[in-house]
Each structure stands twice: as C-alpha cells, then as structure tokens.
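# Structural overview for review
Residue strings, one per chain:
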Amino acid sequence: MGNDNSLNIFFEVMEIGFNPKEAKGLDLLFKYNISGPRGGQWYLKVKDGKLSIEQERLESPTATLTISDEDFIALQSGRLDPADAISSGRMKIEGDADANRLLQSAFLGKQYLSLNDRLYDYMLDVSLREPAVLKSLRQETEDMMPNNTLMIPPDQGQFLAWLAKVIQARRTLDIGVFTGYSSLAVALALPDDGEVIACDVSEKWTNIARQYWEKAGVLDKISLRLAPAVQTLDSLLEEGQAGSFDLAFIDADKQSYDAYYERCLRLVRTGGIIIFDNTLFHAWVINPYMDDAEITGLRAINEKLLTDDRIELSMLPHPDGITLVLKK
C-alpha cells in the first residue's frame, strides 16, 4: 500500500453499490484500518450522501472497518469474497448501527442475500439435477478455458430447461452457442418433435457442441446456423416463421441485443418468452468508467425494455443479471 491510489480506486468501485438516498443527511466517519507492513489508516467520510477519503483523523469515527493488508489486496483482486471476509471475521465492521448498516450494504448489497461460494455450493448440492452429459460438457469446457465466462452456469441451464417445460415449448432459439451448454439443456427438455435453432459464428466451439448433442441423442433436435445471428433471424422471418417460436435465449454480443430483440419479438408467439443473459454484466452497467460498446448496448436494451408496452418484464440478479420478457 505505497500510496492511497488503490484505496481511492477501491472506494470508487464501492461507491457504485452505495445508496446515496440512504446516506443523505447523515454525517458519518468510517475508520478504515489496514494492518500489516504495507497498511495504514484512512478515514472514509460520508457527508450528505457523498464519499470522501481522508488520511488525517478529523473527528471520532462512527464505525471502524479492520482488515489485513493481504486480505485487502485479495478483496480488491476478487480472490476474497466480501461476504466470506465479513462472516469469517477477516474483515470486521464495528460501531454506530447506521454507519455499520451503510458500510456493510456497500460491500454486500442491500436487497439480496450475498451468494458467496459456500452458499452457492450448498444451493447446487440441494437443487442441481444436472444430467451426466451436461456435466461432462461443462467440465470439458472448464478444462479448456478455466476462467471462461461464456458458458452459463449449471443452475441457469436447469432454469432454462425448467422454463421450457413450464411453457410447454416446442420450438426455441438459442443465440450464442459457444460449446452448446444452453442449447443442450433446452433440447433435453423439449418433446421428441422439438427444435432448437442455434445461432453462432464459431465453427471451432460449435464442433464441441455437436459432439455432445450427438452423445445426448438430441442432434436431430438442434439446427445449427453458422452465420451472423441477425442474418439467420432475418432468414427465418423471410421464410414466414414469425410467431412460431415459444422461447428465445439471447447470450451473444451485447451491442447487438436490441437487433436480436426486435427480430425475436416477431419470431416468438404471443405468450412466448425471450431471455437475455448478462444484463447486469458484473455490475459494469452502473460503473461510470465503463462505456464500451457492450456496456452501452446493455444499458440501452435495459432502458428500452422498461418502457416497452409490447411485453411484460422481469429482471433477476443471478447469475449475472437475467431478464425475462413475456410477449403480450
């Protein structure tokens, strides 16, 4: 901790999760104590909903947060989960009740239970019914790309399959195939005459998908279209297939979400469902420092859906923001 630049950056990120409305009118001072050879003391001041950092003690702190410099670095890098840090005592928050609540909310969120690794593993232990072929595909994909974020998690695959059964889907769209996990999960849930139109541009990754579709015995249910998805969706519309699909899952390039949405809205029947993945995108959608094409595209589609009277809308926070649209 040679200077406080990393701390400033850390609190800038933390401020994204901070609720100014809750803090408005409060004048609080948090003592942030980082112990260890590279550590030090900083004072995080909340004044009328604004965060600032001071290194000199100005008044008695209303709350104290204590963490080792090693754990602080691990927290910054994502190697230490904030919920684990707090529950294990590696990060201690003490002091005034209002200050404690505000500071914890900045780390853990205010509306939802923090799903740390241990709790997520428990959830999978008591709810996941992953077919062996899907598990094998997931493990092979993780072996090839240990840090991949392109494949949906198994609980989300199970949710897609469950949803397909609930609405008695027969024809579905899968936009963004990668190694085929979502396509396979849905295909396994469809009736014998069911069909998945799977859209992707990568022959390399979809070759793996084909192998597992064949292993699962659903190769005849999945029609792979290797072309830009907009082109494939336009072709389906030109063929007169509007209103013939029950479900669409959109998990491809985020800057094209609106283009996919408008086409899927025509292809899906009344009462059909369109699902968007990654609509919160690691919380980057609310980070003012993030403004690339994908983030801009996600913000645009999120804002558009809110006021679109052609649909009913719901957004869920897990796993990375998933938005469900019901066509009226």
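In this report, the structure presented in the accompanying data block is examined. Source: prediction; values computed, not measured. (Residues numbered from 1 in each chain as written. Predicted model: local features only at pLDDT ≥ 70, side-chain atom pairs only at ≥ 80, totals over all residues. Heavy atoms only, no water.)

### Re the pairing of strand β8 (residues 222–226)
Here strand β7 (residues 195–200) pairs with β8 via five bridges, running parallel. Looking at the pairing, Ile197 lines up with Ser223 of β8. (Pairing = 2+ DSSP bridges. Helix = DSSP H or I, 4+ residues; strand = E, 2+ residues; numbered from the N terminus.)

### Some details on helix α12 (residues 257–267)
Turning to α12, its buried residues number three or more, namely Tyr257, Tyr260, Tyr261, Cys264, Leu265 and Leu267. For α12, the buried positions fall inside an angular range of 160° around the axis, keeping them on one side. (Buried < 20%, exposed > 50% of the residue type's maximum accessible area, 1.4 Å probe, protein only. Arc of directions from axis to C-beta.)

### Brief notes about the side chain of Thr179
Mapped onto the fold, Thr179 is located in the loop between β6 (171–175) and α9 (181–189). For Thr179, the side chain forms a polar contact with the side chain of Thr141, separated by 2.9 Å. (Polar contact = N/O pair within 3.5 Å; in protein donor to acceptor, adjacent residues only side chain to side chain.)

### Notes on the sheet that holds strand β12 (residues 322–327)
With mixed pairing, seven strands are arranged side by side in an open sheet as β8-β7-β6-β9-β10-β12-β11. In the strand order of this sheet, the two ends are held by β8 and β11 (311–316), each with one partner. With direction set aside, neighbouring strand axes in the sheet form an average angle of 15°. Here five bridges tie strand β10 (residues 268–277) to β12, and the two strands are oriented antiparallel to one another. Within β12, the position partnered with Ile274 by the bridge is Val325. (Axes fitted to C-alpha atoms, helices over the stretch in contact; angles between N-to-C directions.)

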